[in-house]
Amino acid sequence: LCKLASKQHIMSEGSGEVQGPVLQGDFASEQDSNAQVARTMAGMSQEERARILYDVHGVSEDLNETPEMITRSLASFEEELNQLQMNNIPQSDALRMAMAKDHAYVQNRSFRLQFLRAESFDTKAAAQRFDRHFKMKLQLFGQEKLTKDIVQDDLDEDTMEYLYSGRYQNLPLRDKSGRHVSLYIMKLANFSGNSDISVMRRIFYNGMLNAESVETQKKGVVVIMWGIGGKKSRRLSASTFWKSAEVQKSLPLKIVAFHFCYDNMILRPVLSTIQLGFDFFAGVRFRAHYGTHSECTDALQSFGIPANLIPIDSEGAVTSKDYHVAQMEKRRKYERQEFQTGIVMIPGSFDILVGKGKPFQEHPGNIELREWIRRHQTNYEVAQKYEKKNLVLRVIAMVKGRGGRFLKDDGGYWSEVEAEVACAKVGHLFRDKKRPPKSAAAKKKLAHRP
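All of the points below concern the structure found in this document. (Residues numbered from 1 in each chain as written. Predicted model: local features only at pLDDT ≥ 70, side-chain atom pairs only at ≥ 80, totals over all residues. Heavy atoms only, no water.)

Looking at helix α15 (residues 293-301)
Among the residues making up α15, those that are buried are His293, Cys296, Thr297 and Leu300. Looking down the long axis of α15, one finds its buried residues gathered within 100° of arc, a one-sided arrangement. Where the residues of α15 are buried, they touch β4 (221-227), β6 (255-262) and β7 (286-290). (Buried < 20%, exposed > 50% of the residue type's maximum accessible area, 1.4 Å probe, protein only. Helix = DSSP H or I, 4+ residues; strand = E, 2+ residues; numbered from the N terminus. Arc of directions from axis to C-beta. Contact = heavy atoms within 4.5 Å.)

Description of the sheet that holds strand β10 (residues 414-416)
Pairing within the open sheet is mixed, and its three strands lie in the order β8-β9-β10. The open sheet is flanked by β8 (352-353) and β10, the only strands paired with a single partner. Alignment of β8 against strand β9 (residues 406-409), held across two bridges, turns out to be parallel. Following the sheet pairing, Ile352 is matched in β9 by Phe406. (Pairing = 2+ DSSP bridges.)

Describing the layout of surface pockets
Looking at the largest pocket, its volume works out to about 520 Å³. Taken together, the elements giving at least two residues each to the lining of the largest pocket come down to α10 (196-210), α11 (214-219) and α16 (322-335). Sorting elements by how many residues they give to the lining of the largest pocket places α11 first, with three residues. When its residues are assigned to classes, the lining of the largest pocket shows nine nonpolar, nine polar and nine charged. Roughly 410 Å³ of volume is contained in the second largest pocket. If you go around the second largest pocket, you meet 22 residues; those closest to its centre are Phe111, Gln114, Asp149, Met208 and Glu212. When contributions to the lining of the second largest pocket are tallied by element, the ones reaching two or more residues are α7 (109-118), α8 (123-141), α10, α11 and α16. Of the residues forming the lining of the second largest pocket, the biggest block, five residues, is contributed by α7. Broken down by class, the residue content of the lining of the second largest pocket amounts to 10 nonpolar, five polar and seven charged. (1 Å grid on protein atoms, 1.4 Å probe; cavity = no way out; pocket = protein on both sides within 12 Å on 5 of 7 lines; lining within 4 Å. Points joined across faces, edges and corners; volume = space filled by probe spheres on them. Nonpolar A, V, L, I, M, F, W, Y, C, P; charged D, E, K, R; others polar.)

Some details on the packing of aromatic side chains
All told, the structure shown has 14 aromatic pairs when counted by the stated rule. With centroids separated by 6.2 Å and ring planes inclined at 85°, the aromatic side chains of Phe111 and Phe134 adopt a geometry described as edge-to-face. Placement of the pair is Phe111 in helix α7 and Phe134 in helix α8, with a sequence separation of 23 residues. For the residue pair Phe111 and Phe134, the accessibility class agrees, reading buried in each case. These aromatic residues form a ring-pair network of at least three members: Phe77, Tyr105, Phe111, Phe115, Phe130 and Phe134. Against the face of Tyr168 rests Arg202, its NZ or CZ located 4.0 Å from the ring centre. In this structure, Lys388 packs its charged tip against the face of Tyr380, placed 5.1 Å from the ring centre. (Phe/Tyr/Trp six-rings, centres within 6.5 Å; stacked < 30°, edge-to-face > 60°. Lys NZ or Arg CZ within 6 Å of the ring centre and 35° of its normal.)

Let's talk about the pairing of β9
When β9 meets β10, the two strands line up antiparallel, connected through three bridges. The residue of β10 that forms the bridge with Asp409 is Trp414. Connecting β9 to the next strand, β10, in antiparallel fashion are four residues, including Gly411 with a positive phi near 75°.

A word on the environment of Gln217
Relative to the assigned elements, Gln217 resides in helix α11. Residue classification places Gln217 among the buried positions, given a relative accessible area of 5%. Considered as a pair, Gln217 and Gln114 are 103 residues apart in the sequence and their alpha carbons are 6.2 Å apart. One polar contact links Gln217 to Arg117, side chain to side chain, over a distance of 2.7 Å. Within the local environment of Gln217, its side chain forms a polar contact with the backbone oxygen of Ala211, the two atoms lying 2.7 Å apart. (Polar contact = N/O pair within 3.5 Å; in protein donor to acceptor, adjacent residues only side chain to side chain.)

What about empty space enclosed by the protein?
For the structure shown, the criterion picks out four cavities of 30 Å³ or more. Estimated volume of the second largest cavity: approximately 80 Å³. In terms of lining residues, the second largest cavity is bounded by Ser349, Phe350, Ile352, Gly365, Glu368, Leu369, Met398, Val399 and Arg402. The element that contributes the greatest number of residues to the lining of the second largest cavity is helix α18 (residues 364-375), accounting for three residues. The class makeup of the residues in the lining of the second largest cavity is five nonpolar, two polar and two charged.

Written out as structure tokens, the structure is:
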């Protein structure tokens, strides 16, 4: 297939037409990736296979993290790290260097919890990921940045161009299970303009940015690679995909599902390389969708993914990267401490989105809020005016008691609204439920009203 791709590209250059992507380097074969997945699945128990299926479809239950469990896991994590260093494993040199440079940074409890959650509290695997993290960070950013959070001002010009290009974006809302959704647009890929190191640095920066959310740490990330549409030739380097997989395995994030959408069979080697290159956790959660734009969006929606938010039209053109650019610009200002107010990159499952439109209505927090209001509608209708106000305040307290917030879209980030706006939102929902549904005749009359 790799040879076929190169041959088609050469033929197209001669005829003045470009047929599709050009694959360069040693991509994995479909036979190798299928064999690896088969071996992995064969070694699993029935319960483990069921858990994978639940994870991919977003119906698995969150792990119950008790204080005792966390304390015990952190202690075991420390023992595993000590064992790694006692065994003089080469990559542990970066970890030892970090410990000597800033002991408090390496020992930070919240930081270590990210790696434990990435491995579902498998302490040995988490310690190995933690060790790989510092090795990768040393390789990408040097000793000076080893014990500092990477910010955009640490990135070189090439990496910043890649970061702001829109090739990699986060969907503005989570899926129906509350999972973070990341999108990589292959149509925009042209690795001849970006070095492997800049691609790797971008993945590291975005990964650590996404890992800041505790909900994302717990629920994991859904990754979509979009290879549909577009006639512009792009060079896809095998080495870039292999190295990208290595960076991913060093980040405190678990990939719970990986969806590859494509409409050109030449991309099959890319699919196989990704499936084989990522770690055990991601490889068996891989799903491929071959077809048109609408067929693939329908397939994604069957997994609870808000595919309507993917900024690509049916012709393969990127409709907008404004939201992504605004998000990165606001993040840079936040990193420079140009403002101190809290900003939210991706709303949580318990958050209430203040606004109109289907994406707002289908957000998990908004759905649950409407259900809660439905159950208390009778009490609201018979209540006195001051009692209605108290009921609205109770609803707001219920949302905040679960860690939820009332958020508005600030163009790139979400911010918490004032108390008056939250009260107005809840009150409107109570009053809206009280109104009888319009008949078909009434709707038709309103539609023809001048």
